[in-house]
Amino acid sequence: MPEHTEALPRPAAGHFWRLQAQDVAWLIFVAALILTIPETNYNYTILVIVIGAFQIIEPRLTLFSSTRGQVVSVALKLLLSYLLVGWSHGVSSLYYSIFLIPVVSAAAIFELPGVVLVTAVACAAYFSFLLPVFIGDFQLPPDYLDVMGLRASFFAIIAFLVYQQAKAKRDQMRRTEEAAQRLAETNRELRETQASLRRSERLAALGQLTAGLAHELRNPLGTIRASAEMLHRRSAKTNPEVMDEMAANITSEVDRMNGLVTSFLDFARPLELHPAIAELRTVFEEVTREQADLAASRNVRLLTGGAEFVPAFAFDRNLLRVALSNLVQNALQASLPGQEVRLAAQQSNGEVNIFVRDSGEGIAREHLESIFNPFFTTKPKGVGLGLALVAKIVDEHGGRIHVSSERGKGTVFEVTLPFE
């Protein structure tokens, strides 16, 4: 028997006794056949019940899910159909069409050679009931052979039509599976390309960071060298005030260099994201406490809102606190006395939007594209890693950050995080 293209799906074990729509249909068919029996025939009745029960139970048994199992299933249907026709007057049986059950079953699961073979066997089984005629037991009505040939022709026609439909479905499923495999392969290649791109970006960022650190270290190193040279001068050795000043310069610049290196290492160190379900409201409260002294010293009001309406979701609480605290600190430093800084949030469309607004001097348009670059700063004593770290934290969360600013009217930072 030729192999069919794929095994039919089977219900889960827990669904074995659950009645399906097709089961109800088979029960109705069996009841109709029994109620319309033209004569009392218990063999016939029992066979009809067995055929209906087999049609209901067969899809639930894993025994019939393999290729061999399907062959056995069709063979059993052929046997039951043969017995039913044989016990209901054989060649003159009104139930000859029961042979369509194995024929249609084969057409639905086998390739064309298997369908032809099963259809031929069904026709041969039907015509085998002519044997009593040939040995002289009884006479056929006129033209009855033509009628039987016509019935057998319909077996073949129906088998071919069902086979065509089933093959079209199988081809469509095969194309869908192939398309899904191609898509999965494309996604895998895309992930590999993205990973390679991220590695290249990390190397480029590391080079940029190193160049920026080297540039930032030159100034304190120059001051230290100049101060050291001054200390070696005879005039400085006889002047304690000059020596104290030079020593103080060296200490200050060493501290500055240490701060630069520490900031550099903090930024360059890979972030370890530890997301957990938490409330954004608690993060807002922590940021407010951290920046309360700075807000008071600059006489700027720090207002928060909206976080209490955002349901708990997955994020790294410590890292997000660091990012928002940096944004709020920058907003406070950019604000004038009497102004306000607002920290707000809202949740919509599967995302959480967090806003940090100030009414300060704003950011120059030519600087907007550079503010997230490492070591870019417009502050006299700034290092330029704060916003770069914020962008890195947001990116690790799978979010995005956007800034809009207008000179003299203030700045708005919008952090968008996935709501999971």
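Before reading further, recall that the structure is shown in the block above.
This is a predicted model, so every value here is computed, not measured.

Parameters and conventions
- Residues numbered from 1 in each chain as written.
- Predicted model: local features only at pLDDT ≥ 70, side-chain atom pairs only at ≥ 80, totals over all residues.
- Heavy atoms only, no water.
- Helix = DSSP H or I, 4+ residues; strand = E, 2+ residues; numbered from the N terminus.
- Buried < 20%, exposed > 50% of the residue type's maximum accessible area, 1.4 Å probe, protein only.
- Contact = heavy atoms within 4.5 Å.
- Areas by Shrake-Rupley, 256 points an atom, 1.4 Å probe, with all protein chains shown as cover.
- Core = buried A, V, L, I, M, F, W, Y, C linked by side-chain atoms within 4.5 Å.
- Pairing = 2+ DSSP bridges.
- Axes fitted to C-alpha atoms, helices over the stretch in contact; angles between N-to-C directions.
- Patch = residues over 30% accessible without salt bridge, like charges linked within 9 Å, V, L, I, M, F, W, Y side chains within 5 Å.
- Salt bridge = Lys/Arg side-chain N within 4 Å of Asp/Glu carboxyl O.
- Parallel < 35°, antiparallel > 145°, perpendicular 65-115°, else oblique.
- Left-handed = near helix turned anticlockwise from the far one by under 90°.
- Nonpolar A, V, L, I, M, F, W, Y, C, P; charged D, E, K, R; others polar.
- Polar contact = N/O pair within 3.5 Å; in protein donor to acceptor, adjacent residues only side chain to side chain.

1. Digging into the overall build of the protein
If you tally the helices and strands in the protein, you get 13 helices and 7 strands. Within the protein, buried positions represent 34% of all 420 residues. Long-range pairs, those at least 24 residues apart, make up 71% of the contacts in the protein with a sequence separation of at least 6. Surface accessibility of the protein: about 24900 Å² in total, with carbon and sulfur atoms responsible for 59%.

2. Side note on helix α10 (residues 280-290)
For α10, the full list of buried residues reads Leu280, Thr282, Val283, Phe284, Glu286 and Val287. For α10, the elements touching its buried residues are β1 (276-278), β2 (301-305), β3 (313-315), α12 (317-334), β4 (340-348) and β5 (351-358).

3. Observations regarding the nonpolar core
Leu280, Phe284, Leu324, Leu327, Ile354 and Phe413 are the most contacted members of the largest nonpolar core, which has 37 residues in total. Sorting the residues of this core by element identifies α10, β3, α12, β4, β5, α13 (386-396) and β7 (410-418) as the ones contributing at least two each. Ranked by residues supplied to this core, first place goes to α12 with 8 residues. Not counting residues up to four positions away in its chain, the partners in contact with phenylalanine 284 are Thr304, Gly305, Ala307, Leu324, Leu343, Ala344, Ala345 and Ile354. In this structure, Tyr44, Tyr95, Phe99 and Val115 belong to the second largest nonpolar core, which totals 35 residues.

4. Observations concerning the environment of alanine 334
By the secondary structure assignment, alanine 334 is in helix α12. In the structure, alanine 334 is positioned 25 residues away from serine 359 in sequence and 8.2 Å away in space, judged by C-alpha atoms. Once residues lying within four places of it in the same chain are set aside, the contact partners of alanine 334 are Gly360 and Glu361.

5. Examining the sheet that holds β2
An order of β2-β4-β5-β7-β6 is seen for the 5 strands of this open sheet, with the pairing classed as mixed. Two strands in the sheet have a free side with no partner beyond their single neighbour: β2 and β6 (400-406). Each neighbouring strand pair of the sheet contributes to a mean axis angle of 15°, computed without reference to strand direction. Alignment of β2 against β4, held across 5 bridges, turns out to be parallel. Note on β4: the bridge partner recorded for arginine 301 is glutamate 340. Across the face of the sheet, α12 comes into contact with β2, β4, β5 and β7 while running at roughly 25° to β5. The strands touched by α13 within the sheet are β6 and β7, with β7 carrying the most contacts at an inclination of about 25°.

6. A word on a nonpolar patch on the surface
Residues Leu19, Val24, Leu27, Ile28 and Phe29 make up a contiguous nonpolar surface patch of roughly 480 Å² in combined accessible area. Relative to the elements of secondary structure, phenylalanine 29 occurs in helix α1 (residues 21-35).

7. What about the packing of α1 against helix α2 (residues 42-57)?
Viewed as axis vectors pointing N to C, α1 and α2 meet at an angle of 170°, and their least axial separation amounts to 9 Å. The angle between α1 and α2 places the two elements in the roughly antiparallel class. Side by side, α1 and α2 meet where Asp23, Trp26, Leu27, Val30, Leu33 and Ile34 of the first sit next to Tyr44, Thr45, Val48, Ile49, Gly52, Gln55 and Ile56 of the second.

8. Things to note about the packing of α12 against α13
It is at 9 Å that the axes of α12 and α13 come closest, and there the two elements cross at 145°. The handedness of the crossing between α12 and α13 is left-handed. Across the interface between the two elements, Leu319, Leu320, Val322, Ala323, Asn326, Leu327 and Asn330 of α12 pack against Gly386, Leu387, Leu389, Val390 and Ile393 of α13. Of the residues that constitute the contact of α12 with α13, the class distribution is 9 nonpolar, 3 polar and no charged.

9. Focus on the side chain of threonine 282
In this fold, threonine 282 is placed in helix α10. A distance of 2.8 Å separates a polar atom in the side chain of threonine 282 from the backbone oxygen of glutamate 279.

10. Section: unusual backbone geometry
Even without being glycine, asparagine 299 reaches a positive phi, approximately 55°. If you trace the backbone, asparagine 299 turns up in the loop between α11 (292-297) and β2. Positive phi values are uncommon outside glycine, yet asparagine 349 reaches one of about 55°. By secondary structure assignment, the location of asparagine 349 is in the loop between β4 and β5.

11. A short note on the environment of phenylalanine 313
Inspection of the secondary structure assignment puts phenylalanine 313 in strand β3. Beyond its immediate stretch of four places on either side in the chain, phenylalanine 313 contacts Ala276, Ile277, Ala278, Leu280, Val352, Leu417, Pro418, Phe419 and Glu420.

12. Digging into the pairing of β7
As paired strands, β5 and β7 are joined by 8 bridges and run antiparallel to one another. Along β7, the bridge assignment pairs arginine 357 with valine 412. As defined by bridge partners, β6 adjoins β7 across 7 bridges and the pair is classed as antiparallel. Along β7, the bridge assignment pairs valine 403 with phenylalanine 413. Hairpin connection of β6 to β7: 3 residues between the antiparallel strands, including glycine 408 at a positive phi of 85°.

What is shown is where atoms sit, not what they do.
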